[in-house]
Amino acid sequence: MTRQPTDPAPAGSWKERRLPTIASLHRKLAPGTATEGAPGTLRGWLAGRRSSGKLLFLNFRDGSGFAQVVVAKAAVAPEAFENARHCPLESAVEVVGAAFLEPRAPGGMEIRASDFRVLHAADPYPITPKEHGASFLLDHRHLWLRSRKQHALLRIRDEVLYSFREYLREQEFVNADTPIFTPNACEGTTTLFETRYFDRQAYLSQSGQLYNEAVAMSVGRTYCLGPTFRAEKSKTRRHLIEFWMLEPEVAFAELPDIIDLAEGLICHAVSRVLENRAAELEILERDPGPLRRIQAPFPRVTYDEAAGILARKGTGFKPGEDFGAQDETALTEDLDRPLCVTHFPAAIKAFYMEPDADRPDRVLCLDIIAPEGYGEVVGGGQRIHDQELLRRRVKEHGLPEDAFEWYLDLRRYGTTPHSGFGLGIERFVAWMSGLSHLREAIPFPRTLYRLAP
Ligand code: 4AD
Ligand code: MG
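Criteria and thresholds
- Residues numbered from 1 in each chain as written.
- Chains lettered and ligands numbered in written order.
- Predicted model: local features only at pLDDT ≥ 70, side-chain atom pairs only at ≥ 80, totals over all residues.
- Heavy atoms only, no water.
- Axes fitted to C-alpha atoms, helices over the stretch in contact; angles between N-to-C directions.
- Helix = DSSP H or I, 4+ residues; strand = E, 2+ residues; numbered from the N terminus.
- Parallel < 35°, antiparallel > 145°, perpendicular 65-115°, else oblique.
- Left-handed = near helix turned anticlockwise from the far one by under 90°.
- Contact = heavy atoms within 4.5 Å.
- Nonpolar A, V, L, I, M, F, W, Y, C, P; charged D, E, K, R; others polar.
- Domains from an automatic or database assignment.
- Buried area = accessible area lost by both parts, 1.4 Å probe.
- Salt bridge = Lys/Arg side-chain N within 4 Å of Asp/Glu carboxyl O.
- Polar contact = N/O pair within 3.5 Å; in protein donor to acceptor, adjacent residues only side chain to side chain.
- Buried < 20%, exposed > 50% of the residue type's maximum accessible area, 1.4 Å probe, protein only.
- Arc of directions from axis to C-beta.
- Patch = residues over 30% accessible without salt bridge, like charges linked within 9 Å, V, L, I, M, F, W, Y side chains within 5 Å.
- Areas by Shrake-Rupley, 256 points an atom, 1.4 Å probe, with all protein chains shown as cover.
- Pairing = 2+ DSSP bridges.
- Near = heavy atom within 4 Å.
- Phe/Tyr/Trp six-rings, centres within 6.5 Å; stacked < 30°, edge-to-face > 60°.

**Details of the packing of helix α6 (residues 148-170) against helix α8 (residues 255-276)**
Interhelical geometry of α6 versus α8 gives an angle of 135 degrees and a closest axis separation of 9 Å. Viewed along their axes, α6 and α8 adopt a mutual orientation that is oblique. Crossing handedness for the pair α6 and α8: right-handed. Facing α6, whose interface residues are Glu-159, Val-160, Ser-163, Phe-164, Glu-166, Tyr-167 and Leu-168, α8 presents Leu-261, Gly-264, Leu-265, His-268, Ala-269, Arg-272, Val-273 and Asn-276. In the contact of α6 with α8, the residues fall into 8 nonpolar, 4 polar and 3 charged.

Take a look at the structure:
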């Protein structure tokens, strides 16, 4: 079946030649209009099978979705029926048939087969309908991705990323990505991932922010979106070693501006997920109710006010420290929308944060904590724009001054207040999807003990 290089070029464009998909059949059929589609050929994989004598009910996956295929003994050649009855799960198959609206079928549509062919008969598939443990499934992540739930998660992640880009483009942002190999730290030296860069020491990027600041001084509003790396030695449900971050950065913006931007961005993505991924939320058994209540403005408190709330709740929080997972959950447990916490102590935040003019031991920063226990999804704030102060901070934090000369240059040539934030993609996807652990929010998770597959 594979084309040979010497075969004549196929007629028409790929768009004309490609086969119908389950998703396109769903779009064509609708109650009140078409209840029956034209016959066609679909290619995909056999995801499941149930038989009742002369009828086979196949769970067929073609990449665009899952559909029930009915193979009736009376409607196909004997060989086709035997193939459909015996071919192993996850075999690549070709189905010829027509789609019908069928309220009793999962998804409301079924494909009635007139022919069934096996393109590749699979080996016995290791993932069976029985319950598997998390570590078995993660060892088979490359196959696990085919399951219905993982399929839904991949599509929700795609929706989230697309909606972020869409929102930022509407606000005239320019996407410019930042390097992964870096000569210095951005978010403190304790989680730096060291690597060799030929005969030199280099680090994997913890955040694109510093480079983003340079780009913002060129195009005004920019964002980067890519993988970032933290050598987090703690094993938690909320930390990955490699995670993706969306980081907008805006010239002339101050803290309140960037809080508004974060709120708008989050609300836009939530509404897109609700609008376009309702079926996936249902597969994941994610109650959309709490997501529907996510609306701007989000409640805002300062770090000191948050510390007061925690003292009353008795979580054991020690003022002056960063919030732990329990504190974050306690802070949002009575809320139906995210909480924005500002003005953290300078002592527990990164070197680049602008101090509050009225209270220099506090910085103009924001953390956005998602409700339902999903924790911090956004961290950012206003950046120091004064050269002397920034130089002092670099020294106080024990950072190598010469490595930051280029960054200090930004304060030498037309410096201005500017602000930005980072939003953790996996935390956001986990929140949208109702996942209790980040590892399923990314196709191939990198955690403390896992580098494969
Ligand atoms: O709060 P963080 O560390 O902020 C920064 O890196 C800033 N330089 C961003 C900026 O201002 N441009 O990280 C931002 C977000 C967190 O709120 C969280 O959602 C996510 O990144 N994050 C992680 N997600 C998964 N695993 C980890 N280990 C994460 N560390 C941070
Ligand atoms: Mg943070």
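**Considering the domain arrangement of the protein chain**
Each domain of the protein chain was delimited in the assignment, giving domain 1 (17-120) and domain 2 (142-441). Relative to domain 2, the C-alpha centre of domain 1 lies at a distance of 44 Å. Residue-level contacts link 8 residues of domain 1 with 5 residues of domain 2. When domain 1 packs against domain 2, the two sides together hide about 530 Å² of surface, and 47% of this comes from carbon and sulfur. On inspection of domain 1 and its partner domain 2, the count reaches 1 salt bridge. Here Arg-146 makes a salt bridge to Glu-90, at a shortest N to O gap of 2.9 Å. At the junction of domain 1 with domain 2, the criterion picks out 3 residue pairs in polar contact (both at pLDDT 80 or more). For the side of domain 1 that touches domain 2, a count of residues per class yields 2 nonpolar, 4 polar and 2 charged.

**Looking at the environment of Val-341**
Turning to its location among the elements, Val-341 is positioned in strand β13 (residues 339-342). Under the relative-accessibility criterion, Val-341 is labelled buried at 0%. Separated by 90 residues in the primary sequence, Val-341 and Trp-431 place their C-alpha atoms 18 Å from one another. Discounting residues that sit within four places of it in the chain, Val-341 has contacts with Val-301, Thr-302, Tyr-303, Ala-306, Phe-323, Cys-365, Leu-366, Asp-367 and Ile-369.

**Remarks on helix α11 (residues 303-313)**
Listed in full, the buried residues belonging to α11 are Tyr-303, Ala-306, Ala-307 and Leu-310. Mapping the buried residues of α11 onto a view down its axis gives an arc of 100 degrees, with all of them on the same face. Seen from the open side of α11, the exposed residues pointing more than 90 degrees away from its buried face are Ala-311 and Arg-312. Tucked into the core, α11 has its buried residues touching β12 (300-302), α12 (325-332), β13 and β15 (359-363). Within two residues after α11, Gly-314 carries a phi angle of roughly 65 degrees, on the positive side.

**A look at a nonpolar patch on the surface**
On the surface, a nonpolar cluster with roughly 370 Å² of combined accessible area is contributed by Phe-181, Tyr-197 and Phe-198. Checked against the element boundaries, Phe-181 lands in strand β7 (residues 181-182).

**Some details on the sheet that holds strand β18 (residues 418-424)**
Ordered by their spatial adjacency, 8 strands build an open sheet running β6-β10-β11-β18-β17-β16-β13-β12, and the pairing between neighbours is mixed. In the strand order of this sheet, the two ends are held by β6 (174-175) and β12, each with one partner. As paired elements, strand β16 (residues 365-370) and strand β17 (residues 375-382) share 6 bridges and run antiparallel to each other. Counted as the bridge partner of Ile-369 is Glu-376 from β17. Packed on one face of the sheet, helix α7 (residues 209-219) meets β6, β10 (221-229), β11 (242-251) and β18 and runs near 35 degrees to β11. Sitting on the sheet, α12 is in contact with β13, β16 and β17, with an inclination near 75 degrees to β16.

**Focus on the site of ligand 1**
Surrounding ligand 1, one finds 24 residues, the nearest of these being Glu-187, Gln-209, Arg-230, Glu-247 and Glu-376. The side chain of Ser-207 places a nitrogen or oxygen atom 2.9 Å from a nitrogen atom of ligand 1. The separation between a nitrogen atom of ligand 1 and a polar side-chain atom of Gln-209 is 2.8 Å. Taken by itself ligand 1 offers 630 Å² of open surface, and the protein chains cover 94% of this. Breaking the shell around ligand 1 down by element, the ones donating at least two residues are β11, β17 and β18. Looking at the shell around ligand 1 element by element, the count peaks at 5 residues for β17. Its residues assigned to classes, the shell around ligand 1 comprises 8 nonpolar, 8 polar and 8 charged.

**Notes on the sheet that holds strand β4 (residues 92-101)**
Strand pairing in a sheet is mediated by backbone hydrogen bonds. Such pairs are either parallel or antiparallel. Spatial strand order, β1-β2-β3-β5-β4: 5 strands in a closed barrel with mixed pairing. Across the sheet, the mean angle separating the axes of adjacent strands is 50 degrees when strand polarity is ignored. Pairing geometry for β4 and strand β5 (residues 109-120), over 10 bridges, is antiparallel. Counted as the bridge partner of Glu-94 is Arg-117 from β5. This element, helix α3 (residues 78-86), spans β1 (40-52), β2 (55-61), β3 (66-72) and β5 of the sheet and lies at about 90 degrees to β5.

**Some thoughts on the packing of aromatic side chains**
Here the structure, examined in full by the defined rule, presents 15 aromatic pairs. Taking the centre distance of 4.8 Å and the plane angle of 20 degrees together, the rings of Tyr-211 and Trp-406 count as stacked. Of the two residues, Tyr-211 sits in helix α7 while Trp-406 sits in helix α14 (residues 405-409), which places them 195 residues apart along the sequence. Among the residues examined, Tyr-211 registers a relative accessible area of 21% and is labelled partly exposed.

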